Amino acid sequence: MISRLEILPNEVFFNIFSHLSWNEILTSFWSLNERFNSLVCSTFSMNQTGIIIRQTNLSYKIFLTKLFPLISNCSFLINSIRHIHFDGSNSNSYDFFNQNGNIHNYPNLKSLVLNQIYLSELLIENLCLLIQYRLKELTLILDEDIFKVFRLEDKPYVMVSSQVKKRLLMFKDLLNEIFSEKCQLISLRLDIPCDHSYLNIYQCLSSSAISNTSKIQYCCMTLRYVDIRLHYTCLIEHLIEHVPNLERLSVYLRESWNRNKLWDLTIGPFEESDTMLVNKKFDVKKLKYFILKCAVNYDDQLNYLKWFFNNLSNVEKIKIRLRINGVCKKSPIINESIVDANFIRKYLMSDTTNNLIHFNFYIISICKLLSNYTERTINSFKIHPFFIERQWTNVKCLFDPIKFYQHLSSSSSCINNLSEYFPDLIFYSDIFFWPNLKYIEVDFHEKVHLYLERFNELFPNVSCIKFDMGSQTYCDNSIEPFKMKQHKLTDIQLRYVTRLDFGLYFCRGFGSNGSCDDRNKERAKILAPLISMPVQLSYLRIEQFQWLLHIIQYAFDELGENALINVRYLEFCVPSCNYGENETVLLGKNLVPFLSKYMPYLQTLCLWKRDDFPWSCTRRWLKYLKTTESINQHAARFEQDLCELVEQLKQLVYLDIHGEINDEKLESYRLMVQKRFSDAHFSIEKSRFRLWI
């Protein structure tokens, strides 16, 4: 007998599947019958659907006992998977590679995304095989925390294990293979943190690094599209030499970018007449589209960009998102020039532009002139022969009188919309990603209620708001008081926002050690209604744990009913057990009681600490350990904290603690966790502890 469910057409099930995660599809529909098995396989074979391990609720035990065996033992599923997406915050990603050493045997795997992934040797070995025989698309976003291990220049006394060195050398070899004839990739997205280590990843593709190998071997003939984020531009120069068929190149340069460690553009000078640069020409005959997003703080950075553009004379389409800041008095070009048609033609375009047919730009620049100069800027395009000839004269210009920024764009829609988005509130780096904004950073400003009242209308795609709280950590008379009025924030509901960030300083050593009752009350009165605005807040990052306690203490009536109950991800800084006032040192003991009462369904908890991993200090600890007894006492306290947390938060699947411990504690902590949580997976290092349950 056919059930009512089976009467539904396939299209209805595909629509249902689109609203479910891959593990929900498998656990709910797999093995019901052959038709549903076929539908599941068809879903996994579609573009950008497949194994996506990034959910906060995916339990380690469920993955290891149910999902992983199901995938590994079913040839139909293995053959249908075309896309895999791993997030490094989930240990299941790590175990998928460690326990599935033959991942390269997925015959139809074409697309792989690795976000903040741990660089294990097995992972690197797998990637070397995948880029040769399977993958067409690869996204590789490296974990910044991993690279901190290799930054030895400022700490020559720090010893790094041979295994760690081997892993990074293997990664350098992987980069070489990506840009060699062995690689079959068509599309690559690469995000590399700033590398200050002696191993210098950014030079791995230089001619000197591969001088002993035939140059022909280090050319990837299949690669067409590259999207790269990096700090040192020398890697782009080397990369172009090894990708002769590159058609689209997108470059995002991190803040304070440079050419390389030996050529510092912040101190200059950068001269195009330099013999090495005159002889260095890019062979980019097939490159048709170039995208650049960056900030320019120094004249020599600007001169470098000019040299780079001169090497891209064959490009047909250029898109620029640029922020020009006058931060250096020794940069007369930036400080004394008006960004107009003459400036763009001189510094941001190649001298030879015969092939250029499309030029899209959005430039934000410091402007100390009055707003009536915007007409001059617009008119400069209407009288410039180059822009007249190509009919690129319809530009838009807006002056921000609060921050003294000029906004200049070739697209009228961006500028027209900008006037509605309260530019004095929005961080300008966010605007570069318009109209595909997913998150926005805003100033903690008295006008923010006007901005939030229209948020659903203006930003239906934005799911995250980041509030810059300023220097709110210490009680200081130099800090301006909060200006927002609490009553203006009531009755605002954010339909699409699921994540809120309060503060921008999430790092080791930033736990607050000071207090000021008046400031705490004022802050709590503002944070309570803001946290209550999202219809369903599931992701919360708040700079200090104390701020949550202050909300309950001083502004509980302003906090919406069940405002925190749907939070699944929580991140904050915890006070030190060694530094600060006695009252602050002891605040950690409130952590588990607070979470179990107000966030009982929490799944992921991330803590930032200045020192040791335990958080519920009963007294001030000694910074330096001298006896085995004191080490065991700390291990016992850490065990109590972990057990209480896991017992009270039944849905917790991942704990991530950033801190700093002594070498002597590593083995003691490792043995304790291994004994107490034998069914879980954990990773412990001097600066980080992670537990997957």
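Since we're looking at a predicted model, the values are computed, not measured.

Undergrad: Mind laying out the packing of aromatic side chains, listing which residues take part and the relevant values?
TA: Overall, the coordinates contain 27 aromatic pairs when judged by the stated rule. Judged by centre distance (5.0 Å) and plane angle (85 degrees), the ring pair of F13 and F36 falls under edge-to-face. Taken together, the residues span a long stretch of sequence, with F13 in helix α2 (residues 10-17) and F36 in helix α4 (residues 34-45) at a distance of 23 residues. Each of the two residues, F13 as well as F36, counts as buried. An aromatic cluster is defined as three or more aromatic residues linked by ring pairs; in this entry it consists of W257, F290, Y304, W307, F308 and F309. The ring of F386 is capped by R345, whose NZ or CZ atom sits 4.3 Å from the centre of that ring. The aromatic ring of W392 is capped on one face by R390, whose charged end is 6.0 Å from the ring centroid.

Undergrad: Tell me about the sheet that holds strand β11 (residues 396-400), and name the residues and values.
TA: Across the sheet, 12 strands lie side by side as β1-β2-β3-β4-β5-β6-β7-β8-β9-β10-β12-β11; this open sheet has mixed pairing. With partners counted over all chains shown, the strands left at the sheet margins are β1 (51-53) and β11, one partner each. Taking each pair of neighbouring strands and ignoring which way they run, the sheet shows an average axis angle of 5 degrees. As judged from the three bridges shared by β1 and strand β2 (residues 83-87), these two strands associate in the parallel manner. Bridging across to β2, I51 finds its partner in I84. Packed onto the sheet, helix α8 (residues 121-133) meets β3 (111-117) and β4 (137-142) and runs at close to 155 degrees relative to β3.

Undergrad: Hey, could you go over unusual backbone geometry for me, with residue numbers and the actual values?
TA: Of note in this structure, Q391 is not a glycine but carries a positive phi near 60 degrees. The backbone of N562 sits at a positive phi, close to 60 degrees, despite the residue not being glycine. Mapped onto the secondary structure, N562 falls in the loop between α23 (545-554) and β17 (569-573).

Undergrad: So what's going on with the side chain of N37? Residues and values would help.
TA: Mapped onto the elements, N37 comes out in helix α4. Given the relative accessible area of 19%, N37 is considered buried. When sequence neighbours within four positions are dropped, the list of residues in contact with N37 reads F29, W30, S31 and L32.

Undergrad: How would you sum up the confidence of the model for the protein chain? Please name residues and give values.
TA: Considering every residue of the protein chain, the mean pLDDT works out to 79; 74% of them sit at 70 or more. Within the protein chain, the element-level pLDDT minimum falls on helix α12 (residues 275-278), averaging 50, and the maximum on helix α17 (residues 385-389), averaging 95. Below a pLDDT of 50 lies the segment residues 419-424, which in the model reaches 19 contacts outside its immediate sequence neighbourhood of four places, other chains included. Within the model, the stretch residues 472-481 combines pLDDT values under 50 with 20 contacts to residues more than four positions away or in other chains.

Undergrad: So what about the nonpolar core? Which residues, and what values?
TA: In this structure, W22, I344 and L348 are the most contacted members of the largest nonpolar core, which totals 108 residues. Composition of this core by domain shows at least three residues from each of domain 1 (33-228) and domain 2 (255-259 + 280-407). Dropping the residues within four chain positions of it, L348 is found in contact with L302, F309, I320, L322, F343, F359 and I363. L458, F613, L649 and A680 belong to the second-largest nonpolar core, a separate cluster that totals 71 residues.

Undergrad: Describe the packing of helix α22 (residues 517-532) against α23, naming the residues involved and giving the relevant values.
TA: Where α22 contacts α23, the two axes come as close as 8 Å, and the packing angle between them is 90 degrees. On the basis of their axis angle, the class for α22 and α23 is roughly perpendicular. Residue-level contacts link D517, N520, K521, R523, A524, K525, L527, A528 and I531 of α22 to W547, H550, I551 and Y554 of α23. Classifying every residue of the contact of α22 with α23 gives seven nonpolar, two polar and four charged.

Undergrad: I'd like a rundown of the pairing of strand β10 (residues 358-366), residues and numbers included.
TA: For β10, the tally of buried residues reaches seven of nine residues, placing the bulk of the element in the interior. The pairing of strand β9 (residues 317-324) with β10 spans eight bridges and is parallel. Within β10, the position partnered with K317 by the bridge is H358. One ladder, built from five bridges, connects β10 with strand β12 (residues 405-409); its direction is antiparallel. Directly across from I366, in β12, lies its bridge partner Y405.

Undergrad: Residues and numbers for a nonpolar patch on the surface, please.
TA: A cluster of nonpolar side chains, namely L5, L8, V12, I16 and L20, defines an oily patch on the protein surface of about 320 Å² accessible area. Take I16: it is sitting in helix α2. A relative accessible area of 33% means that I16 is categorised as partly exposed.

Undergrad: Tell me what's going on with the pattern of salt bridges, and back it up with residues and numbers.
TA: Counted according to the given criterion, the structure contains 19 salt bridges. Across the pair R390 and E389 runs a salt bridge whose closest N-O atoms are separated by 3.6 Å. The exposure class assigned to R390 is partly exposed, which follows from its relative accessible area of 22%. The partner of E457 in a salt bridge is R454, and the shortest N-O contact between them spans 3.1 Å. One network of salt bridges, with partners in common, ties together R499, D501, R541 and E571.

Undergrad: Please set out the sheet that holds strand β19 (residues 654-658) residue by residue, giving values where relevant.
TA: Hydrogen bonds along the backbone pair up the strands of a sheet, which may run parallel or antiparallel. In spatial order, the strands read β13-β14-β15-β16-β17-β18-β19-β21-β20; together these nine strands make up an open sheet with mixed pairing. With one partner strand each, in any of the chains shown, β13 (439-443) and β20 (681-684) form the two edges of the open sheet. For this sheet, the mean angle separating the axes of adjacent strands, direction not counted, is 10 degrees. Of the strand pairs in this sheet, β20 and strand β21 (residues 688-692) are connected by four bridges, and their pairing is antiparallel.

Undergrad: Tell me about α4, residues and numbers included.
TA: Since one α-helical turn is 3.6 residues long, residues separated by three or four positions face the same way. Taking 1.5 Å per residue as the helical rise, α4 with its 12 residues ought to reach 16 Å, and the 16 Å between its terminal C-alpha atoms agrees with that figure. Within α4, burial applies to F36, N37, L39, V40, C41, T43 and F44. Elements in contact with the buried residues of α4: α1 (4-7), α2, α3 (22-29) and α6 (75-80). Capping of α4 at its N-terminal end is provided by N33; its side-chain oxygen lies 3.0 Å from the backbone amide nitrogen of R35.

Undergrad: Describe the pairing of strand β14 (residues 464-468), naming the residues involved and giving the relevant values.
TA: Most of β14 sits out of view: five of its five residues are buried. Judged by which residues are buried, β14 turns out to be covered on both faces: C464, K466 and D468 on one side and I465 and F467 on the other are all buried. In the sheet, β13 pairs with β14 via five bridges, with the strands oriented parallel. The residue bridging Y439 from the neighbouring strand is C464, located in β14.

Criteria and cut-off values
Residues numbered from 1 in each chain as written. Predicted model: local features only at pLDDT ≥ 70, side-chain atom pairs only at ≥ 80, totals over all residues. Heavy atoms only, no water. Phe/Tyr/Trp six-rings, centres within 6.5 Å; stacked < 30°, edge-to-face > 60°. Helix = DSSP H or I, 4+ residues; strand = E, 2+ residues; numbered from the N terminus. Buried < 20%, exposed > 50% of the residue type's maximum accessible area, 1.4 Å probe, protein only. Lys NZ or Arg CZ within 6 Å of the ring centre and 35° of its normal. Pairing = 2+ DSSP bridges. Axes fitted to C-alpha atoms, helices over the stretch in contact; angles between N-to-C directions. Contact = heavy atoms within 4.5 Å. pLDDT = per-residue confidence, 0-100. Core = buried A, V, L, I, M, F, W, Y, C linked by side-chain atoms within 4.5 Å. Domains from an automatic or database assignment. Parallel < 35°, antiparallel > 145°, perpendicular 65-115°, else oblique. Nonpolar A, V, L, I, M, F, W, Y, C, P; charged D, E, K, R; others polar. Patch = residues over 30% accessible without salt bridge, like charges linked within 9 Å, V, L, I, M, F, W, Y side chains within 5 Å. Areas by Shrake-Rupley, 256 points an atom, 1.4 Å probe, with all protein chains shown as cover. Salt bridge = Lys/Arg side-chain N within 4 Å of Asp/Glu carboxyl O. Expected span 1.5 Å × (residues − 1). Polar contact = N/O pair within 3.5 Å; in protein donor to acceptor, adjacent residues only side chain to side chain.

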